[in-house]
Amino acid sequence: MSTPAASLALRKTPLNALHRRLGAKMVDFGGWDMPVEYSGLIAEHLTVRNSVGLFDVSHMGDMQLRGPGSLDAIQHLCMNDASRLQVGQAQYSAMLYPEGTFVDDVIVHKLGENDYLIVINAGTREKDYDWIRAGVSKFRSHVSDYSDYYTQLAIQGPRAAETLQKLTSIDLSTIKFYWFRWGTVCGLPNTLIARTGYTGEDGFEIYIPSDEATSERVWNEVIEAGKEFGILPCGLGARNTLRLESALSLYGHEISESLNVFEAGLDRFCKLDKGPFIGSGALQKVLAEGGPQKRLVGLEVIERGIARDGYRVLDLEGRSPIGYVTSGSPAPFLKKNIALAYVPREYDVPGREVSVEIRNSPVKARVVPIPFYRKPKKQA
Amino acid sequence: MAYPANYRYTREHEWIEVNGSAGTVGITDYAQNSLGDIVFVESPKVGDKVEKGKVFGSVESVKAVSDLFAPVSGTVTAINEELAGSPEKINTDAHTAWIMKIELSDPSEVDSLLSVEDYEKFIKEETGH
């Protein structure tokens, strides 16, 4: 087998030393030295589906917009309708180029009137910051980059609430999915506790001070609190397979500067009726011209083989290329080989069969509904 | 994990245990550790010819697929059927979970492979510590 060369001068989160002490396998993720796995990807993945896992997601960026024009600025910059947000509520959204393609996908939190927090991806942090700064310049709003001020921890899985509840006086059952509150966590007052995540499970993301001592203390307290549930530290490997089973988009894969909102199937987060915003004109044109020509679909590989990122999708006969895989992997919980792929829209029909070119051979796959995995409804 | 002193190694992280003209081939602990959870092993068939330095199969983990390179040339005499159902055996003990057995066509090829000392030195250089 062959192995990749090591990279230099990577950025580190405040928990970098702890990850190394835990023996995590580290990788370069968008310029960050991040843990890809600790005990093993499959074990970590299953622990999040069945119980609870803890992730360091401090590489995510945090941009705060303040000032009387902040809502207008966000409405201009983002495709979802932020005017519908109440204080304490968050929404999935995206910033678009004038072409209707993606600058990045984001989560917008309404912290207060005229006060918003936009959580952005790590790999696009500088680009996003410049884009936001340019975008808000004509509004009465000021953007501050708080990315380095927070350590962001994600506590994810069906036992996440029970785990975190031990460490806070806030009644977590009062926080609905995609809402947040401030409360004392591990003795730290005014900690932002959001019921958000990227795993397809229930869970929370907390934002704590980014000094190493505090970050490690809170990490260890969460691990201690989750011990009775078999909590595991989880790396980006499991984060990726969890989000893939749940068909959540990843920048640079399902969404990018060359793919538009309708192709990516994110229509429901795009509110063309809210008024003009960057990219809305181009998207209206796409609709007027009959909609997107290609679509993101879920594939299940039905013959032996694992579809991986970048592989070509062929017609069923395995002759002509029709599309490509954006993310593909064995799915540890579903125990199937799954993929997200772009194909011509006439192929966006569950049950339709295609081939994926796996190491020079066509392997049969079937279009299936996404998400591949949906968390079970809560028992009363 | 200790690397057996009686095995020889490749720079592509395969091991071979040679007994006369019979060889047993697998991947090293370093290889399984870099791959992570292994979910599939693509083996050759009994009777297939393999050629030194050429691809004879692949291992797939959740994260990646990696080619397997033959340490020496020869003819496949057996494959480890157990790996079809339990590929994770390679993660558990890479140095006993063999992938194929071969009849060497030129046993002198073994001389060009790394000794355990050379291999351990090689992976220290690869990991940079």
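Residues numbered from 1 in each chain as written. Chains lettered and ligands numbered in written order. Predicted model: local features only at pLDDT ≥ 70, side-chain atom pairs only at ≥ 80, totals over all residues. Heavy atoms only, no water.

1. Structural notes on the overall build of chain A
Keep this limit in mind: Put simply, DSSP H or I for four residues or longer makes a helix, DSSP E for two residues or longer makes a strand, and each gets a number counted from the N terminus. A radius of gyration in this sense is built from C-alpha atoms; the matching globule rule multiplies 2.2 Å by the number of residues raised to 0.38. Two residues form a contact once any of their heavy atoms are found within 4.5 Å. Only the protein chains shown count as cover for residues, with accessible areas throughout obtained via the Shrake-Rupley method and a probe of 1.4 Å. The charge count includes Lys and Arg as positive and Asp and Glu as negative, but it does not include His or the ends of the chains. Where a charge sits is defined by one atom per residue type, namely NZ (Lys), CZ (Arg), CG (Asp) or CD (Glu).
Regarding its fold elements, chain A presents eight helices and 19 strands. In terms of C-alpha radius of gyration, chain A reaches 21 Å, essentially the compact-globule figure of 21 Å for 380 residues. A principal-axis box enclosing the C-alpha atoms of chain A has dimensions of 60 × 50 × 50 Å. Put simply, 65% of the contacts in chain A that link residues at least 6 apart link residues at least 24 apart. On chain A, roughly 15900 Å² of surface is accessible, and the fraction owed to carbon and sulfur atoms is 51%. Taking the average location of the 44 positive side-chain charges in chain A and that of its 45 negative ones, the two points are 3 Å from each other.

2. As for the side chain of Ser51 of chain A
All names here are of chain A. Stated formally: Burial classification: accessible surface area is computed with a 1.4 Å probe over protein chains only, and a residue below 20% of its type maximum counts as buried, one above 50% as exposed, and the rest as partly exposed.
For Ser51, the location among the structural elements is in the loop between helix 2 (41–50) and strand 3 (53–56). Ser51 gets classed as buried once you look at its relative accessible area, which sits at 10%. Discounting residues that sit within four places of it in the chain, Ser51 has contacts with Leu46, Gln156, Gly157, Pro158, Arg159, Ala160 and Phe229.

3. Considering the domain arrangement of chain A
All names here are of chain A. We apply this condition: Start and end points for every domain follow an automatic or database-based domain assignment. Buried area, as used here, totals the accessible surface that two parts lose on assembly, with accessibility defined by a 1.4 Å probe and the loss added over both.
We note that the domain assignment places domain 1 (16–58 + 149–245) and domain 2 (293–368) within chain A. A C-alpha centroid distance of 32 Å is found between domain 1 and domain 2. Taken together, the ten residues of domain 1 in the interface contact ten residues of domain 2. Of the roughly 780 Å² buried at the junction of domain 1 and domain 2 (both faces included), carbon and sulfur atoms supply 75%.

4. As for the UniProt feature "binding site: substrate" (unreviewed entry) in chain A
Residue and element names in this part refer to chain A. We apply this condition: UniProt positions are given in the numbering used here, feature names are shortened, and annotations may be inferred rather than shown by experiment.
Those residues carrying the UniProt feature "binding site: substrate" (unreviewed entry) are Glu205 in this numbering. Note that Glu205 resides in strand 12 (residues 203–209). Glu205 sits in the buried class, given a relative accessible area of 6%. Setting aside residues up to four positions removed in sequence, Glu205 forms contacts with Val57, Gln152, Leu153, Ala154, Gln156, Leu192, Ile193, Ala194, Thr196 and Gly197.

5. Brief notes about the packing of helix 2 of chain A against helix 7 (residues 236–245) of chain A
All names here are of chain A. For clarity, the threshold we go by: To get an axis, fit a line to the C-alpha atoms, keeping to the stretch in contact for a helix; angles then go from 0 to 180 degrees between the N-to-C directions. Angle categories are assigned with fixed cut-offs, so that under 35 degrees is roughly parallel, over 145 is roughly antiparallel, 65 to 115 is roughly perpendicular, and the rest are oblique. Take the far helix as the reference: if the near one is turned anticlockwise from it by less than a right angle, the crossing is left-handed, and if turned clockwise, right-handed. Ten residue types, Ala, Val, Leu, Ile, Met, Phe, Trp, Tyr, Cys and Pro, are classed as nonpolar, four, Asp, Glu, Lys and Arg, as charged, and the remainder, Gly among them, as polar.
Running from N to C, helix 2 and helix 7 cross one another at 50°; their axes reach a closest spacing of 8 Å. Accordingly, the angle class assigned to the pair helix 2 and helix 7 is oblique. Considering the relative orientation of helix 2 and helix 7, their crossing is right-handed. Residues Leu41, Glu44, His45, Val48 and Arg49 of helix 2 form the contact with helix 7, whose participating residues are Gly237, Ala238, Thr241, Leu242 and Glu245. For the contact of helix 2 with helix 7, the per-class residue count stands at four nonpolar, three polar and three charged.

6. Examining the pairing of strand 7 (residues 115–120) of chain A
Residue and element names in this part refer to chain A. Which entries qualify depends on this criterion: Strand pairing follows a simple DSSP-based rule, namely that at least 2 bridges must link the two strands.
For strand 7, a buried count of six out of six residues is recorded, marking the element as mostly surrounded by other parts of the structure. Bridge count between strand 6 (residues 102–112) and strand 7: five bridges; the pairing is antiparallel. Residue His109 lies in a different strand from strand 7, and its bridge partner there is Leu117. The turn linking strand 6 back onto strand 7 is made up of two residues, and Asn114 within it adopts a positive phi angle of 60°.

7. Here's the deal with the UniProt feature "domain: Lipoyl-binding" (unreviewed entry) in chain B
UniProt marks residues 22–103 of chain B with the feature "domain: Lipoyl-binding" (unreviewed entry), using the numbering shown here. Measuring from the first to the last C-alpha atom of residues 22–103 of chain B gives 5 Å, for a span that is 18% helix and 43% strand.

8. Things to note about the packing of aromatic side chains
To keep it simple, the criterion reads: When the centres of two rings from Phe, Tyr and Trp lie within 6.5 Å, Trp using its six-membered ring, the rings pair. Their planes under 30 degrees apart give stacked, over 60 give edge-to-face, and anything left gives tilted. Both a distance and an angle decide whether a charge sits over a ring: NZ of Lys or CZ of Arg must be within 6 Å of the ring centre and within 35 degrees of the ring normal.
A full pass over the atoms with the stated rule returns 15 aromatic pairs over all chains. When the ring of Phe180 of chain A is compared with that of Trp182 of chain A, the centres are 5.4 Å apart and the planes differ by 85°; the resulting orientation is edge-to-face. Members of the aromatic cluster, connected to one another through ring pairs, are Tyr3, Tyr7, Tyr9, Trp15, Tyr119 and Phe122 of chain B. The ring of Tyr373 of chain A has Arg49 of chain A lying over it, and the distance from NZ or CZ to the ring centre is 3.8 Å. Above the ring of Tyr342 of chain A, the side-chain terminus of Lys294 of chain A is found at 5.9 Å from the ring centroid.

9. Focus on the state of the cysteines
Residue and element names in this part refer to chain A. Applied cut-off: We call a pair of cysteine sulfur atoms a disulfide when they lie within 2.5 Å.
The final tally for this structure, using the stated rule, is zero disulfides over all chains. Cys78 forms no disulfide, and the closest cysteine sulfur to it belongs to Cys270, at a distance of 11 Å. With a relative accessible area of 0%, Cys78 lands in the buried category. Here Cys186 is not cross-linked by a disulfide; its sulfur's nearest cysteine counterpart is in Cys234, at 18 Å.

10. Side note on the interface of chain A and chain B
Put simply, the rule reads: Each reported salt bridge corresponds to a side-chain nitrogen of Lys or Arg within 4 Å of a carboxyl oxygen of Asp or Glu. Polar contacts, as used here, are pairs of N or O atoms within 3.5 Å; protein pairs need one atom able to donate a hydrogen and one able to accept it. Residues neighboring in sequence count only if both atoms are side-chain atoms.
Contacts between the two partners involve 18 residues from chain A, matched on the other side by 23 residues from chain B. Buried surface at the junction of chain A and chain B, both sides included, amounts to about 1700 Å², of which 54% is carbon and sulfur. Applying the counting rule to chain A against chain B returns three salt bridges. Taken together, the connections running from chain A to chain B amount to nine residue pairs in polar contact (both at pLDDT 80 or more). Mapped onto the side of chain A that touches chain B, the elements with two or more residues apiece are strand 2 (32–37), helix 2 and strand 16 (321–331) of chain A. Element by element, the count of residues in the side of chain A that touches chain B is highest for helix 2 of chain A, at three residues. Considered class by class, the residues forming the side of chain A that touches chain B number eight nonpolar, five polar and five charged.

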